[in-house]
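Next come the chains, spelled out residue by residue.
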Amino acid sequence: MTHPIQPRLTQVFRFVRCTYAHGVAELVYAFDHGEELIERVRFPAAPAVTAERKHAFEAALKLLHLIAGISYYKAGVPPKIELSNGPLDDATADLLEALYLHGLAEFAYRNGLDLRGRIAFPRSGEPSGMVKAATLHLPERTLVPIGGGKDSLVAVEAIKHIGGQATAVWVGNSPLIATCAERTGLPTLNIQRELAPGLFELNRLGAWNGHIPVTAVNSAVLAVAAILYGYDSIAFANERSASAATLEYDGQQVNHQWSKGYAFERLLGDWLHTHVAADLHYCSLLRPYSELAITRAFAKLTPYFDVFSSCNRNFKILGPKPADRWCGECPKCHFVFLALAPFLPKPRLLAIFGRNVLDDEAQTAGFDALLEYHDHKPFECVGEGAEARAAMYALSQRPEWQEDAIVARFRSEILPQLDVAELALEPWLKPAGDHRVPERLQPALAAIG
Ligand SMILES: CC(=O)N[C@H]1[C@@H](OP(=O)(O)OP(=O)(O)OC[C@H]2O[C@@H](n3ccc(=O)[nH]c3=O)[C@H](O)[C@@H]2O)O[C@H](CO)[C@@H](O)[C@@H]1O[C@H](C)C(=O)N[C@@H](C)C(=O)N[C@@H](CCC(=O)O)C(=O)O
Ligand SMILES: Nc1ncnc2c1ncn2[C@@H]1O[C@H](COP(=O)(O)OP(=O)(O)OP(=O)(O)O)[C@@H](O)[C@H]1O
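Residues numbered from 1 in each chain as written. Chains lettered and ligands numbered in written order. Predicted model: local features only at pLDDT ≥ 70, side-chain atom pairs only at ≥ 80, totals over all residues. Heavy atoms only, no water.

To keep things clear, this is the line we draw: UniProt positions are given in the numbering used here, feature names are shortened, and annotations may be inferred rather than shown by experiment.
Per an unreviewed UniProt entry, the chain goes by UDP-N-acetyl-alpha-D-muramoyl-L-alanyl-L-glutamate epimerase and derives from Dyella psychrodurans. Word for word, the UniProt comment on the chain under Sequence similarities (unreviewed entry) is "Belongs to the MurL family." What UniProt records for the chain under Pathway (unreviewed entry) is the sentence "Cell wall biogenesis; peptidoglycan biosynthesis."

Written out as structure tokens, the structure reads:
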């Protein structure tokens, strides 16, 4: 009989094996000599892997195993990591160590842990180099991940605008995301992901728990899918402000959205070019845009208004979900309401949310955090504090909004402490900064701005 392990006392996290057959990937992990934790990812109607793509497929699958391990590793954060398939080359180890350190920074901060110097993947010492993987002549079509919220729908419409071939793809079994994906009118692909049930048991036994960089997991799933089904690009909808830290603590930046940020996009995009296929492109189509530029673009996409939701409470695997798509109380509901408000007629916005979030005094502390007023930005996927202040200032100048409780308080209490010259909306609406959008998709960028 095996005794239940005490997750926080474990010494080794083991990547046991990773297999694939008939559209199902099994990703297997264990702590010490404890029971195997098996995560399954199901690729529907999967075609056979061709000989030409075999090497690329295996490389992508191996990366998925290594990345998805983060959900389990975090339960114990033991001092040692073991790989049954041998050590990693430097580029792979660098990618994983960056992901585990920065992607778990919020987890570490909230649990009072310091992961610096603790996460070391075994290395072969093989230099990374920048040798390109083979070109696979992947079909010119794009996987567009759908998250149920506004951002991915803006990306979808931009690709449709340039006549690009694309498939709306999502990981997991959210009916809300399925409805959004169907509304795009694109072909759809739903990949199922089942966490190892043993993780919930570890949680019950007092495992460490907290945020994981789920976009990295979804990205690795989609890299496997791109090779399996044949796509030359994966176009996420991660905004410019996703790269901004939520807070800084003890000399370390803590960014809730790290795997949505540009640093991770670069690491993974380069890794795919060198280890999987020279013609598989991983990018974010919204990288040059702020949240406000994206909400302005989304405000024109009326066909999605009755199906989308950015409220993450919809996406829990366990536990209750909001009755009507928007809980109206969480940082995402606060931010999306505020960021859409400057670009939509007020009655339209109230109809989407079924309430006026800005006239609810109970939400004052939540909005203060968004504005970084006596608080830091919330641990959620929300825009920068300066962006939220610009949106709030715009509303405070409009008669239809300025009497609402939260806006009125902003006018009387917060605005006098701010420099109005820094509150303009317009600078946020211009694209800026680098992106990695491949040439074929670049015309779609212009369709957003
Ligand atoms: C939906 C959600 O926000 N979940 C977070 C929440 O989880 P909770 O315990 O309340 O419920 P479940 O989602 O049902 O998860 C149950 C447990 O399962 C583990 N887990 C789940 C998914 C996974 O991929 N790995 C896991 O290990 C975990 O132990 C759960 O407790 O709180 C958790 C703890 O803080 C978070 O880990 C859950 O976050 C999910 C991974 C998730 O999908 N979150 C996205 C909505 C999310 O945060 N997206 C970010 C993207 C940022 C990035 O860099 O990727 C965003 O929108 O900002
Ligand atoms: N379940 C999922 N499957 C595939 N991709 C996902 C999933 N959830 C989120 N994503 C993708 O991850 C990226 C970040 O998600 P995010 O929640 O910021 O976007 P969103 O849902 O489109 O918009 P919003 O910011 O309004 O929530 C987006 O490209 C989104 O499509």
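### Some points on the site of ligand 1
Applicable threshold: Any residue with a non-hydrogen atom lying within 4 Å of a molecule or strand is treated as near it. Two N or O atoms count as a polar contact when they lie within 3.5 Å, although within protein this holds only if one can serve as hydrogen donor and the other as acceptor, and sequence-adjacent residues are included solely when both atoms are side-chain atoms. Calculation of accessible area relied on Shrake-Rupley with a 1.4 Å probe; when residues are assessed, cover is drawn exclusively from the protein chains displayed. Secondary structure counts use DSSP, requiring at least four H or I residues in a row for a helix and at least two E residues in a row for a strand, with both numbered from the N terminus. Residues are grouped as follows: nonpolar covers Ala, Val, Leu, Ile, Met, Phe, Trp, Tyr, Cys and Pro; charged covers Asp, Glu, Lys and Arg; every other residue, Gly included, is treated as polar.
In the vicinity of ligand 1, 25 residues are found, and the nearest of them are Asn-209, Thr-215, Lys-316, Ile-317 and Leu-318. One of the side-chain N or O atoms of Asn-209 is found 2.8 Å from an oxygen atom in ligand 1. Here an oxygen atom of ligand 1 sits 2.7 Å away from a polar atom, N or O, in the side chain of Thr-215. For ligand 1, the protein covers 83% of the area, taking 950 Å² as the surface of the free molecule. Within the residue set of the shell around ligand 1, elements represented by two or more residues are α2 (70–76), α7 (197–204) and α8 (214–230). Among the elements that take part in the shell around ligand 1, α7 stands out by supplying 3 residues, more than any other. The residue inventory of the shell around ligand 1, partitioned by class, reads 11 nonpolar, 10 polar and 4 charged.

### Topic: the site of ligand 2
What counts is decided by this rule: Where each domain starts and ends comes from a domain assignment, either automatic or drawn from a database.
Around ligand 2 there are 19 residues in total, and Pro-145, Ser-152, Lys-260, Ser-310 and Lys-332 lie nearest to it. Between ligand 2 and the protein, one listed contact pairs an oxygen atom with a backbone N or O atom of Gly-147 at 3.2 Å. Between ligand 2 and Ser-152 there is a distance of 2.6 Å, counted from an oxygen atom to a side-chain nitrogen or oxygen. Considered on its own, ligand 2 offers 580 Å² of accessible surface; in the complex 91% of this is hidden by protein. At the level of secondary structure, the elements contributing two or more residues to the shell around ligand 2 comprise α5 (150–161) and β6 (166–171). Examining the composition of the shell around ligand 2, we find that 3 residues originate from one element, α5, more than from any other. A domain split of the shell around ligand 2 shows at least three residues from each of domain 1 (7–288 + 437–441) and domain 2 (308–429).

### Let's talk about the packing of helix α11 (residues 331–340) against helix α12 (residues 346–353)
Between two packed helices, what matters for the description is the angle formed by their axes and the separation of those axes. We apply this condition: Inter-axis angles, ranging from 0 to 180 degrees, are taken between N-to-C directions of lines fitted to C-alpha atoms, where helices are fitted over the stretch in contact. Angular relationships are summarised with four words: roughly parallel below 35 degrees, roughly antiparallel beyond 145, roughly perpendicular across 65 to 115, and oblique for the angles in between. Left-handed describes a crossing whose near helix is turned anticlockwise from the far helix by less than a right angle; the clockwise case is right-handed. Should any heavy atoms of two residues lie within 4.5 Å, those residues are counted as being in contact.
Axis separation between α11 and α12 bottoms out at 10 Å; the angle between their running directions is 160 degrees. Judged on the interaxial angle alone, α12 and α11 are roughly antiparallel. Seen from above, α11 lies across α12 with right-handed handedness. In this structure, α11 contributes Cys-333, Val-336, Phe-337 and Leu-340 to the contact, and α12 contributes Leu-349, Leu-350 and Phe-353.

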